[in-house]
Amino acid sequence: PDRDSQIFIIGCGISGIGAAQKLIKHGFHNVRIIEATARSGGRIRTGRLGDNIIEIGANWIHGPSKENPVFRLACDYQLLDKESMSEENQAIDIGGHPLFVPNWFTSSGRKLGPETMGPALEFFMTLLERSQQFHSTGGEPLPSVGEFIKAEAERLAPEEWKEDRDNFAVRMAMINTLLKLECCVSGTHTMDDVGLGAFGMYTTLPGLDCTFPGGYEGLTDHMMKELPRDIVLYNKPVKCIHWNYTKNGPNTGGTSFPVTIECVNGETFAADHVIVTVPLGYMKKHQNTFLSPSFPLHKLHSIQRMGFGTNNKIFVEFEQPFWDEDCELIYLVWEDETHLTDVVSDLKMSWIRKLTGFTVLKPTERFGHVLCGWIAGQESEYMESLSELEVLQTVTQLLRIFTGNPTIMPRKLLRSQWFHEPYSCGSYSYVAKGCSGYDIDNLAEPLPLKGSNSKPLQVLFAGEATHRSFFSTVHGALLSGWREAERLISHHTSASGSFSSKL
Ligand code: 6YU
């Protein structure tokens, strides 16, 4: 086989687009992308709230600096504003948790200041940083990040705040708020599901997180323009990948192909190589039917054990702001929640308690007064099942309680529903309790396994969840697509000996 190899990529998210881009640049011309939906971009999706551009999926470039390939592409395509590209911005290193200017509101309708809440925030950040250290040192005392943070908070807080007993209860409630928000960052139901030993495996890059003024989709749109026009077959969900396939596939003109891709509509495609980029959530749901013969056991176990959860956004627009002009992040603190837990006991009645943080869309001149609320886990999945009107009513009630203003009324609302998206089945992956980097390696391992006598590299795996240090991000997804393309390029380079790159 050589550059004429039939290569199919399943999924037209950034990892699939990245893989196609690299293969085509290296002279492979029989490359097709099969996409289940009618659009490209996957979990990068820009939408509208009235006249405003909003992000339904990925929001920021995490760590926008030279080492980040998404940042480099965005600069090349001129998609960022000047400030985001400045050397100063690239040099800021905040370790993944931007220091947003906060406002705090509590369930008794009080607005508290940094003198009351600042210490709780700093205390929590120290515990979070300590949670990341076990990756290099080992010897983690508890299985999950949630258990560790809660145990340490309960042990250390009485001493830490002993001078200020009056604020002790509200600060513990603030730890709860922060735990719930951390569920959004990790995309999990509870931080008790996020493994402590591997938490530090996620690597941050320098640079102050930035957004795309014209929408994140501008990135995938630009990348798509560099690919041949008809490369994507849209609206074709793949049902099953038959590999180690000895019979001739359809339309093969006598050549034998090791892989046959079967679509839901019955269409089939014969291939030498398939790069699978479907989300881990989709793979979990269809683990028994997506591959035939099925996954080797160690790969299947890693698919089952690795974490994939839901993080949703709820956008709300207001006539007038109830927050300070410089505020970037609003925290809601339930004063009755002094017992540490990041889940809600009664889903139907209290799901809204999981919504504890809102980012303020900036700049105000462009967006007006729009907040983006963050909600993760089962409460978020339940929220998806409610009508938009029900969500609006519940959010309105929530904000009336916390602002103490019974007349507050959002003008518009729009929420994402990532759990019910049939080709995402949630938001992004995390390293679950009991998992390690080896599970990510297992997800990424191509089939057939090394040492088999069958044709090599029949099914390859890319996508956000297959990147060891940048899982759950756009740059992790892009790098994983490039990685699998390079695997094929180097395979064919060494196989043919004379193959040289066109670049
Ligand atoms: C980032 C951010 N961001 C918010 C929200 C979400 C995500 N991410 P794709 O799914 O794109 O493509 C697969 C395609 O396959 C798709 O088109 C399907 O339709 C198709 N498909 C599926 N089944 C198929 C079938 N059977 N047949 C054919 N086709 C099929 N990332 O960098 N910055 O701000 C956010 C955020 C709400 C949902 C994000 C963010 C994640 C990215 O969006 C995501 O990784 C990539 O887009 C995935 O690309 P892909 O190609 O792999 O799949 C300390 C510590 C802790 C660790 N975590 C902290 C990290 C923080 C992560 N933060 C994310 C936060 C936000 C807000």
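In what follows, the structure referred to is the one given above.
To start, this report covers the structure provided alongside it. From a predicted model like this one, the values you see are computed outputs, not experimental measurements.

### A word on the packing of aromatic side chains
For the structure shown, the criterion picks out 17 aromatic pairs. Aromatic side chains Trp161 and Phe168 sit 6.0 Å apart centroid to centroid with 65 degrees between the ring planes, which places their arrangement in the edge-to-face category. Since its relative accessible area comes to 3%, Trp161 is described here as buried. Residue classification places Phe168 among the buried positions, given a relative accessible area of 17%. A centroid spacing of 5.5 Å and a plane angle of 65 degrees characterise the contact between Tyr202 and Phe471, whose relative ring orientation is edge-to-face. Here Phe471 lies in the loop between β20 (459–461) and α17 (474–496) and Tyr202 lies in the loop between α8 (168–186) and α9 (217–225), a separation of 269 residues in the sequence.

### Here's the deal with the site of the ligand
Around the ligand sit 44 residues in total, of which Ser15, Glu35, Arg43, Trp60 and Val474 are the nearest. With respect to the ligand, the side chain of His62 contributes an N or O atom lying 3.3 Å from a nitrogen atom. In this structure, Val474 approaches the ligand through a main-chain N or O atom, which is 2.8 Å from an oxygen atom. Bound to the protein, the ligand loses 97% of the 1300 Å² it would expose on its own. In terms of residue class, the shell around the ligand is made up of 24 nonpolar, 17 polar and three charged.

### With respect to the sheet that holds strand β6 (residues 111–112)
With respect to topology, seven strands assemble into an open sheet ordered β6-β5-β15-β16-β17-β14-β18, the strand pairing being mixed. Looking at which strands have only one partner, the edges of the open sheet turn out to be β6 and β18 (412–415). Bridge analysis of strand β5 (residues 102–106) against β6 gives two bridges, and the strand direction is antiparallel. Bridging across to β6, Trp104 finds its partner in Leu112. Those strands touched by helix α5 (residues 114–131) are β5, β6 and β15 (329–333), and its axis lies near 105 degrees from that of β5.

Rules used throughout
- Residues numbered from 1 in each chain as written.
- Predicted model: local features only at pLDDT ≥ 70, side-chain atom pairs only at ≥ 80, totals over all residues.
- Heavy atoms only, no water.
- Phe/Tyr/Trp six-rings, centres within 6.5 Å; stacked < 30°, edge-to-face > 60°.
- Buried < 20%, exposed > 50% of the residue type's maximum accessible area, 1.4 Å probe, protein only.
- Helix = DSSP H or I, 4+ residues; strand = E, 2+ residues; numbered from the N terminus.
- Near = heavy atom within 4 Å.
- Polar contact = N/O pair within 3.5 Å; in protein donor to acceptor, adjacent residues only side chain to side chain.
- Areas by Shrake-Rupley, 256 points an atom, 1.4 Å probe, with all protein chains shown as cover.
- Nonpolar A, V, L, I, M, F, W, Y, C, P; charged D, E, K, R; others polar.
- Pairing = 2+ DSSP bridges.
- Contact = heavy atoms within 4.5 Å.
- Axes fitted to C-alpha atoms, helices over the stretch in contact; angles between N-to-C directions.

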